[in-house]
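# Remarks on the overall topology
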Amino acid sequence: MSGVIAVVTVRAAERAKALGAEQALEILRQELEQVPRLGVLLGPPSREGVEVRKTRLEPRDGVPGLAVAYVYTPAPPPPAVAIVAVTPDDGVTPE
């Protein structure tokens, strides 16, 4: 275990629920606890090491592709990740 704590904000959880992506988001949350720097860095880290990142969840099981934004904070210990935004990424409505 990496010691990283990963959480989903209330707003991101509500959006994931509306999109039917609760399970996919939970899997990502667990993965971020192991590898907290997935995806693309959006801009330079702050002096304190805070990073804003974005990753993508591929479409599956009637859930559209999703863009997920999160914030990684290395200090104070323990390091933490907060998933802050979930949005449809490909514009395709699931059938």
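Residues numbered from 1 in each chain as written. Predicted model: local features only at pLDDT ≥ 70, side-chain atom pairs only at ≥ 80, totals over all residues. Heavy atoms only, no water.

### Focus on the pattern of salt bridges
One pass over the full model with this rule turns up six salt bridges. The closest approach of N and O atoms between Glu 26 and Arg 29, which form a salt bridge, is 2.8 Å. You can see Glu 26 and its partner Arg 29 sitting in helix α2 (residues 22-34), three residues apart, about one turn around the helix. Classification of Glu 26 by relative accessible area gives partly exposed; the value is 31%. A relative accessible area of 16% places Arg 29 in the buried class. In this structure, Arg 56 and Asp 89 form a salt bridge, with 2.3 Å as the shortest nitrogen-oxygen distance. (Salt bridge = Lys/Arg side-chain N within 4 Å of Asp/Glu carboxyl O. Helix = DSSP H or I, 4+ residues; strand = E, 2+ residues; numbered from the N terminus. Buried < 20%, exposed > 50% of the residue type's maximum accessible area, 1.4 Å probe, protein only.)

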